[in-house]
Amino acid sequence: MNLLLVVIGLVFLILGGNWLLKSAVGFSLRLQIPKIVIGMTVVSFATSAPELIVSVKSALEGHADIAFGNVIGSNIANLGLVLAITIILSTISVEKSFYKTDWPVMMIASLLLYGFIVFDGELQRYEGIILFSFLIIFLIYLLRFQKPAVVDELPEDDVELPLYKDVLFLVIGGVGLWAGSELLINGAVGLAENFNVSERIIGVTVVSIGTSIPELAASVIAVLKKEKAISLGNLIGSNVFNILAVLGLTSIITPIKITDSGLLSNDIFWMLAISLLVLPLNFVPTKMKLGWKEGLILGALYAIFVFKMFY
């Protein structure tokens, strides 16, 4: 039964990612907003919804390690797994605004989280308010000043859809991602619990990979359709949203108290290291490009991270 839930969940996630992408492209054309902004707002909100649902539910039920581990593991998976697969499939050319705005905001959010959690092992309500306020400021900046951070290879192939179709695809895509993630997580956690592993390991690996499937589906579909601006913006935006929105809102609702020291002594440092690594990979070996070589490096690091979790 658990295996069936995982399979059905994956199907919903892939379909939801495709519908969401259609909606994102449609809105970017209709509103004449750069696709990177749409990727970092509309798509990121929808693909981060599973993390938010899982984290709030886990924290309220007294499973803070799953709530926190889910976000840490998901951010690691977004870069070490999803970005790796995306750039192995197709090289992404990056412009200056990526390292001037998007990457620094992701690092500031990550370091802010580390500063809040490292001393007392708890994310307080006022700290959640600070995180979420930072998100609002970031979104206002995006909508007013952000320029495309990735070159769109085929801008002439985009066709503007009727408004009702854009809205319909957005709603159906969001529901598909949410339902698929719920099914996948329930099935995956059920399978993991049979092996008697800790809540931290479930959160950082099984649950986080499950909630990163929407990002993987949306990004791979985006790359295959040459919508690379949405692909990169979605990943960077999702990591920012996971920290500022998911943990921010969760801790506002109920403070998150970490009980497994491994989250603070190991996992959060992996998140910081992989997030930091994305910048130099933009310059070495090929300047302002992320390709299959960089994808292999990120993928190998993620494999080592998962291996060390279990052994």
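Please refer to the structure higher up on the page.
Residues numbered from 1 in each chain as written. Predicted model: local features only at pLDDT ≥ 70, side-chain atom pairs only at ≥ 80, totals over all residues. Heavy atoms only, no water.

**Quick notes on the environment of Val223**
Point 1. Of note, Val223 is situated in helix α7 (residues 199-224).
Point 2. Given a relative accessible area of 3%, Val223 falls into the buried group.
Point 3. Linking Val223 and Leu89, residues 134 residues apart in sequence, is a C-alpha distance of 7.8 Å. (Helix = DSSP H or I, 4+ residues; strand = E, 2+ residues; numbered from the N terminus. Buried < 20%, exposed > 50% of the residue type's maximum accessible area, 1.4 Å probe, protein only.)

**A look at the layout of surface pockets**
Point 1. Taken as a whole, the largest pocket encloses approximately 330 Å³ of empty space.
Point 2. Around the largest pocket sit 17 residues that line it, and Ser58, Ile66, Ile185, Asn186 and Val189 are the ones nearest its centre.
Point 3. Counting only elements with at least two residues in the lining of the largest pocket, the list comes to α2 (35-60), α6 (163-193) and α7.
Point 4. For the lining of the largest pocket, the element with the highest residue contribution is α6, accounting for five residues. (1 Å grid on protein atoms, 1.4 Å probe; cavity = no way out; pocket = protein on both sides within 12 Å on 5 of 7 lines; lining within 4 Å. Points joined across faces, edges and corners; volume = space filled by probe spheres on them.)

**Describing the packing of aromatic side chains**
Given two aromatic rings, their pairing is described by the distance between the two centres and the angle made by the two planes.
Point 1. Here the structure, examined in full by the defined rule, presents four aromatic pairs.
Point 2. Judged by centre distance (6.1 Å) and plane angle (40°), the rings of Tyr302 and Phe305 are tilted. One end of the pair, Tyr302, and the other, Phe305, are both in helix α10 (residues 292-310), three residues apart, so they sit about a helical turn from each other. Both residues of the pair, Tyr302 and Phe305, belong to the buried class.
Point 3. These aromatic residues form a ring-pair network of at least three members: Trp270, Tyr302 and Phe305. (Phe/Tyr/Trp six-rings, centres within 6.5 Å; stacked < 30°, edge-to-face > 60°.)

**Things to note about the nonpolar core**
A general tendency of soluble globular proteins is for nonpolar side chains to be buried together.
Point 1. The biggest cluster of nonpolar side chains holds 65 residues, and the ones touching the most others in it are Phe68, Ile76, Leu83, Leu113, Leu123, Ile243 and Met271.
Point 2. Ranked by residue count, the leading element in this core is helix α3 (residues 64-89), at eleven residues.
Point 3. In this structure Met271 touches Ile72, Asn75, Ile76, Ser110, Leu113 and Ile243, once residues within four positions along its chain are discounted.
Point 4. In terms of nonpolar packing, the next biggest core, distinct from the first, is built from seven residues, Ile66, Ile185, Ala192 and Ile202 among them. (Core = buried A, V, L, I, M, F, W, Y, C linked by side-chain atoms within 4.5 Å. Contact = heavy atoms within 4.5 Å.)

**A closer look at the packing of α3 against helix α9 (residues 262-281)**
Point 1. Relative to each other, α3 and α9 sit at 30°, their axes nearing to 10 Å. With respect to α9, the axis of α3 lies roughly parallel. In this structure, the crossing between α3 and α9 has a hand that is left-handed. For the pair α3 and α9, contact is made by Asp65, Phe68, Gly69, Ile72, Asn75, Ile76, Leu79, Gly80 and Leu83 and by Leu263, Leu264, Asp267, Ile268, Trp270, Met271, Ile274, Ser275 and Val278, respectively. (Axes fitted to C-alpha atoms, helices over the stretch in contact; angles between N-to-C directions. Parallel < 35°, antiparallel > 145°, perpendicular 65-115°, else oblique. Left-handed = near helix turned anticlockwise from the far one by under 90°.)

**Some thoughts on helix α1 (residues 2-31)**
Point 1. The terminal C-alpha atoms of α1, which comprises 30 residues, lie 42 Å apart, in line with the 44 Å expected from a rise of 1.5 Å per residue.
Point 2. Just downstream of α1 lies Gln32, where phi reads positive at about 55°. (Expected span 1.5 Å × (residues − 1).)

**Quick look at the environment of Val284**
Point 1. Note that Val284 resides in the loop between α9 and β4 (289-290).
Point 2. Expressed as a C-alpha distance, the spacing of Val284 and Glu294, which sit ten residues apart in the sequence, is 8.5 Å.

**Topic: the packing of α9 against α10**
Point 1. Where α9 meets α10, the closest approach of the two axes is 11 Å, and the angle between their N-to-C directions is 175°. Taken together, the axis directions place α9 and α10 in an arrangement best described as roughly antiparallel. Contacts between α9 and α10 involve Asn266, Asp267, Trp270, Ile274, Leu277 and Leu281 on the former and, on the latter, Glu294, Ile297, Leu298, Leu301, Ile304, Phe305, Lys308 and Met309.
Point 2. Partitioned by chemical class, the residues of the contact of α9 with α10 number ten nonpolar, one polar and three charged. (Nonpolar A, V, L, I, M, F, W, Y, C, P; charged D, E, K, R; others polar.)

**A closer look at α7**
Point 1. Along its 26 residues, α7 runs 36 Å from first to last C-alpha, staying within 8% of the 38 Å computed at 1.5 Å per residue.
Point 2. At Ser208, α7 is bent by approximately 40°, the largest bend along its length.
Point 3. The element α7 is largely enclosed, with a buried count of 22 among its 26 residues.
Point 4. Phi for Lys226, located one or two positions after α7, is positive at around 65°. (Bend = angle between axes of the 7 residues up to and from the residue.)

**Overview of the side chain of Ser58**
Point 1. Relative to the helices and strands, Ser58 resides in helix α2.
Point 2. Ignoring sequence-local partners within four residues, the contact set of Ser58 consists of His63, Ala64, Ile66 and Ala67.

**Topic: the pattern of salt bridges**
Point 1. Counted under the stated rule, the structure contains three salt bridges.
Point 2. Between Asp267 and Arg200 there is a salt bridge, with the nearest N and O atoms lying 2.8 Å from each other. Taken together, the positions of Asp267 in helix α9 and Arg200 in helix α7 put the pair 67 residues apart, joining distant regions of the chain. Like Arg200, Asp267 is buried. (Salt bridge = Lys/Arg side-chain N within 4 Å of Asp/Glu carboxyl O.)

The values are spatial; any link to function lies outside them.
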